[in-house]
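Report on the structure
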Amino acid sequence: MTAQTTQFQIEGMTCAACVGRVEKALTSVAGVQDAAVNLATETARVSYDAPADVPGLIDRLKSAGYPARIETVTLDIEGMTCASCVGRVDKALEAVPGVIRVAVNLANETAQVEYAEGAVNLSDLLNAAKSAGYPAKPRDTGAKQVENRKEEEAKALRKRLILAAALALPVFILEMGGHLVPAFHHWIDMTIGQQTSWLLQFVLTTLVLIGPGLSFYTKGFPALFKGAPDMNSLVAVGTAAAYGFSVVATFAPQVLPGGTRAVYFESAAVIVVLILLGRYLEARAKGRTGQAIRKLLGLQVKTARVEREGTAVDLPIEEVQPGDIVLVRPGERIAVDGAVIEGKSYVDESMITGEPLPVAKEQGAHVVGGTVNGTGMLRFQAEKVGNDTMLAQIIRMVEQAQGAKLPIQGMVDRITLWFVPVVMGVALLTMIAWAAFGPSPALTHALVAGVAVLIIACPCAMGLATPTSIMVGTGRAAEMGVLFRKGDALQALEGVDVVALDKTGTLTEGHPALTDFVVADGFDRADLLRKVAAVEALSEHPIARAIVAAAEGQVPEAENFGSVTGYGVIGTVDGARVMVGADRLMTRRKVDMGPLEAAGKALAQAGKTPLYAAVDGQIAAVIAVSDPVKATTKEVIAAFHAKGLQVAMITGDNQATAQAIAAELGIDHVVAEVLPQGKVEALQSLQAGGRKVAFVGDGINDAPALAHADVGIAVGSGTDVAIESADVVLMSGDLRGVVNAFGISGRTMTNIKQNLFWAFGYNTALIPVAAGVFYPLFGWQLSPMLAAGAMAMSSVFVLSNALRLRRVKPDLQLTEKKG
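Here the structure is a predicted model, which is why all the values come from computation and not from measurement. (Residues numbered from 1 in each chain as written. Predicted model: local features only at pLDDT ≥ 70, side-chain atom pairs only at ≥ 80, totals over all residues. Heavy atoms only, no water.)

What to know about the sheet that holds strand β22 (residues 576–581)
Strand pairs in the sheet, formed through backbone hydrogen bonds, run parallel or antiparallel to each other. Rule in force here: Between any two strands, pairing holds if DSSP finds at least two bridges. Only runs of H or I of at least four residues qualify as helices and only runs of E of at least two qualify as strands under DSSP, and these elements are numbered from the N terminus. Between N-to-C directions, angles cover 0 to 180 degrees, with each direction set by a line fitted to C-alpha atoms, over the stretch in contact for helices. The contact criterion used is simple: two residues touch if any of their non-hydrogen atoms lie within 4.5 Å.
Taken together, 6 strands build an open sheet; the order of strands is β19-β24-β23-β22-β21-β20 and the sheet is antiparallel. Each having just a single partner strand, β19 (513–519) and β20 (559–564) make up the two edges of the open sheet. Sheet twist, expressed as the average angle between the axes of neighbouring strands with direction ignored, equals 20°. Where β22 meets strand β23 (residues 609–615), 4 bridges bridge the pair, whose relative direction is antiparallel. What sits directly across from Val578, in β23, is Val615. Contacting β19, β20, β21 (568–573), β22, β23 and β24 (618–626), helix α19 (residues 525–536) runs over the sheet at an angle of about 115° to β21. On the sheet, helix α22 (residues 596–605) packs against β19, β23 and β24 and is oriented at approximately 5° with respect to β24.

Looking at the nonpolar core
In a soluble, globular protein the nonpolar side chains are often hidden away together inside. Heads up, the condition is: Buried residues of nine kinds, namely Ala, Val, Leu, Ile, Met, Phe, Trp, Tyr and Cys, make up a nonpolar core once their side-chain atoms join them within 4.5 Å. To sort residues, take the accessible area from a 1.4 Å probe on protein chains only and compare it with the maximum for the residue type: under 20% means buried, over 50% means exposed, and anything in between is partly exposed.
Counting residues in hydrophobic clusters, the biggest one holds 163 residues, and the most contacted among them are Phe8, Leu93, Leu125, Phe640, Ile713 and Phe742. Sort the elements by how many residues they give to this core and helix α28 (residues 736–771) lands first, with 15 residues. Beyond its immediate sequence surroundings of up to four residues, Leu93 is in contact with Leu75, Val99, Val102, Ala111, Val113, Leu125, Ala128 and Ala129.

Considering the side chain of Ser197
Mapping Ser197 onto the fold places it in helix α7 (residues 194–210). On the basis of relative accessibility, which here comes to 3%, the residue Ser197 falls in the buried class. Setting aside residues no more than four positions away along its own chain, Ser197 makes contact with Leu174, Ile188 and Ile192.

Examining helix α8 (residues 214–225)
Because an α-helix packs 3.6 residues into every turn, residues spaced three or four apart end up facing the same way. Short version of the rule: Any helix carries an expected span of 1.5 Å times its number of residues minus one.
Its 12 residues place the ends of α8 17 Å apart at the C-alpha level, agreeing with the 16 Å of an ideal helix rising 1.5 Å per residue. Immediately downstream of α8, the backbone of Gly227 shows phi near 80°, a positive value.

Topic: the UniProt feature "transmembrane region" (unreviewed entry) in the chain
Worth spelling out the cut-off: UniProt positions are given in the numbering used here, feature names are shortened, and annotations may be inferred rather than shown by experiment.
Summarizing the sequence annotation, UniProt attributes the feature "transmembrane region" (unreviewed entry) to residues 161–178, 198–221, 233–256, 262–281, 415–437, 443–466, 756–778 and 784–803 in the numbering used throughout. In this annotation, residues 198–221 is assigned 88% helix and 0% strand; the end-to-end C-alpha distance for the span is 26 Å. The straight-line gap between the two end C-alpha atoms of residues 756–778 is 29 Å; of that span, 87% is helix and 0% is strand.

Digging into the pattern of salt bridges
Opposite charge on two side chains permits pairing when their charged atoms draw close. Defined as follows: Counted as salt bridges are all cases of a side-chain nitrogen of Lys or Arg within 4 Å of a carboxyl oxygen of Asp or Glu.
Applying the stated criterion across every chain yields a total of 18 salt bridges. Residue Glu307 is joined to Arg379 by a salt bridge in which the shortest nitrogen-to-oxygen separation is 2.8 Å. Here the residue Glu307 occupies a position in strand β8 (residues 303–308), and Arg379 occupies one in strand β16 (residues 378–384), the gap between them amounting to 72 residues. By relative accessible area, Glu307 is classed as partly exposed at 25%.

Digging into the packing of α28 against helix α30 (residues 784–803)
We apply this condition: Orientation categories follow fixed angle ranges, with anything under 35 degrees roughly parallel, anything over 145 roughly antiparallel, 65 to 115 roughly perpendicular, and all other angles oblique.
Running from amino to carboxyl end, α28 crosses α30 at an angle of 170°, the nearest separation of the two axes being 9 Å. As the angle between them shows, α28 and α30 are arranged roughly antiparallel. Residue-level inspection shows Asn751, Gln754, Asn755, Trp758, Tyr762 and Leu766 of α28 in contact with α30, the latter providing Ala787, Ala790, Met791, Ser794, Phe797, Val798, Asn801 and Ala802.

Considerations on the side chain of Asp324
Formally: Polar contact is the term for a pair of N or O atoms within 3.5 Å; when the atoms are in protein, one must be able to donate a hydrogen and the other to accept it, and sequence-neighboring residues count only if both atoms are side-chain atoms.
Relative to the helices and strands, Asp324 resides in the loop between β9 (311–316) and β10 (325–328). Here Arg308 takes part through its side chain, which lies 2.6 Å from a polar atom of the side chain of Asp324. With sequence-adjacent residues up to four places away left out, Asp324 is seen in contact with Val306, Arg308, Glu319, Phe380, Gln381 and Ala382.

Quick word on a nonpolar patch on the surface
Going by this rule: Excluding any residue in a salt bridge, patches collect residues exceeding 30% relative accessible area, merging like charges within 9 Å and nonpolar Val, Leu, Ile, Met, Phe, Trp and Tyr side chains within 5 Å. Per-residue and other accessible areas follow the Shrake-Rupley method at a 1.4 Å probe size, with only the shown protein chains counted as cover for residues.
Together, Val203, Leu207, Ile210 and Leu214 make up a nonpolar patch on the protein surface, roughly 330 Å² of accessible area in all. Broken down by element, the nonpolar patch gets its largest block of residues, 3 residues, from α7. Structurally, Leu207 can be placed in helix α7.

Take a look at the structure:
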């Protein structure tokens with residue numbers, strides 16, 4: 001049985017330790033093959049087969065303390081007439097992977113579907129109902145969009161933050177004001193008194209902890225009791241210790257050793273405020289990391305103008321079918337993918353390909369949903385709709401890449417799984433050491449140091465370091481027209497040593513063109529080209545088509561046409577007998593090639609195919625036809641060399657021709673005379689000695705090589721098969737996109753390493769400070785409040801650093817207009 005893959009939106013994950021526990025919970029389910037959890041997107045992507053199923057996975061997540069988000073949608077169902085219809089609709093909707101429960105109501109012709117958010121798209125449900133013979137449409141069109149959830153979460157956190165800050169501020173002033181300004185301390189003693197001050201602090205801090213801060217305890221303590229402590233556990237234990245000690249000092253001071261009576265209400269209250277501030281800033285920043293996906297979703301058109309029974313009507317995009325005739329007016333966004341059947345216009349495809357110049361569209365041209373029509377009117381036939389459109393595929397690719405787990409993340413996960421328990425152990429040892437060996441009041445010092453260790457070590461920044469950079473980096477790449485189909489290609493590209501390029505269609509235009517036309521004395525170039533093209537127009541050979549194209553339609557009719565297989569063609573044009581063919585045709589017909597023979601040999605040495613033309617038995621011209629190198633190829637190869645990469649060319653050309661092209665372009669390695677099925681062997685030869693090879697190709701016969709390479713890069717002008725075999729897809733046929741792929745990969749990996757260095761360095765450096773290791777030497781002891789502030793800011797730093805990738809510029813700007 002083929003494994004299924006589904007995705008869940010997970011609640012309650014706050015740090016890297018949570019990620020490890022969610023993965024452990026999912027992989028413990030029988031039938032689960034792989035689980036990749038992403039803290040930044042709060043998703044879990046699971047590959048599984050029987051006996052695992054979606055309801056079982058959801059139950060396991062719930063029991064682990066990290067429930068999957070559940071969504072409910074109500075669909076209006078057409079065509080139901082009896083109970084058997086209800087059964088068929090129920091069965092069709094339940095069969096959609098990710099659906100948990102279906103309730104079909106015949107009376108009001110609706111179906112209420114409960115499903116795991118992230119695992120199911122609305123279009124999946126609509127298609128399932130339609131395939132069963134019961135067209136459906138959503139009743140609740142105002143349902144909250146996934147991409148707005150972070151914004152709503154930030155608003156909720158903002159409310160909690162404001163309430164917590166309003167309650168904590170008087171506590172902070174009452175307690176810390178006395179330490180900072182001795183006169184204020186005396187004033188408190190003389191007016192309300194110390195005990196009343198502590199009672200006020202107790203009331204206000206209690207409101208903070210049972211109100212805005214309650215979630216730390218409802219999540220943290222259950223996780224701790226299950227033996228799987230997380231960030232919430234650290235905060236809960238730390239603040240509860242400070243609060244509990246203060247309550248005892250306030251209401252039962254007699255149980256404390258002499259000289260240790262003090263309160264830390266302000267620490268408990270302010271820690272909650274600072275951590276809520278950090279989470280609020282995180283939620284806002286996380287929302288910006290998904291900006292690329294929101295931009296892509298924003299390109300999706302909601303309605304389309306479709307011809308139905310001779311009349312143009314506006315329909316919801318879900319109702320557009322393949323074969324429908326769609327009208328797009330000037331300035332409108334194209335609704336779905338299709339082929340133009342009438343009209344002329346220029347279309348801005350930059351949001352898909354990254355190329356800035358509009359592309360001409362006329363009859364027969366393909367248009368892509370989400371792109372913007374220019375000033376002309378277009379009438380086109382829909383070919384791909386819904387989830388099959390290029391835009392929908394791009395969104396899926398970007399989402400999958402953003403949810404990917406790079407090899408570097410594996411190290412982080414292994415560390416963070418044991419990090420929180422170790423920190424709690426360190427905090428306990430810290431308190432014991434201070435209580436046993438610390439200066440008076442030892443118990444107070446022990447409490448401060450233990451709480452500071454717990455708070456400073458929250459591993460939020462560790463968990464966010466990698467996924468946030470991946471999200472922003474792959475999103476920015478998509479805006480450049482570079483799609484990472486597999487997220488781990490981001491890291492794999494960084495280790496590539498050699499870029500292998502297929503010649504035809506990748507380095508070259510992919511079709512022959514007339515490159516040289518050397519005319520003998522006594523002949524007019526334009527007239528001779530017309531005569532040669534007239535004869536070649538009757539031939540089916542690709543070289544013939546290149547010559548005819550060069551004549552630009554000024555072609556007379558040829559008579560008495562004849563083809564000499566393996567030699568060339570002959571015909572009569574304007575009363576003149578014209579022969580066109582290889583040198584052996586001229587030799588056979590005893591035509592003296594004179595000085596043009598040397599010119600032909602020079603063209604052959606340059607990697608071109610020479611042909612000769614004779615008129616009435618007299619040599620007239622030597623013609624060179626070749627697959628021209630793309631205008632940008634030389635610039636691209638120079639850019640690869642600047643990045644320290646070697647460049648290889650794989651071609652079916654003979655060795656001499658291949659070497660001539662390589663010398664012209666500055667290519668380092670040439671693998672010539674390769675048959676289509678031999679490209680994999682060619683790559684293996686380049687991989688000798690442990691070199692990592694990226695292969696760039698575009699055709700069906702490139703698919704095995706794309707799959708075999710360490711990184712396969714398919715140009716978007718290629719076939720669907722090639723694209724499905726690739727790790728990276730260029731939406732434009734412009735090779736400069738490959739350079740940009742390497743550029744965004746390098747910058748993203750640098751960004752990840754910066755984040756990890758900060759996250760690990762921060763914890764490594766500050767845990768000893770919080771524990772009081774430097775107290776005997778310098779008198780340093782970290783306040784729990786400062787620890788909370790520093791911990792919150794470390795996460796914000798990591799997110800802010802990742803967001804810098806949104807401003808990355810392409811290494812090479814795409815400016816060429818597609819033909």
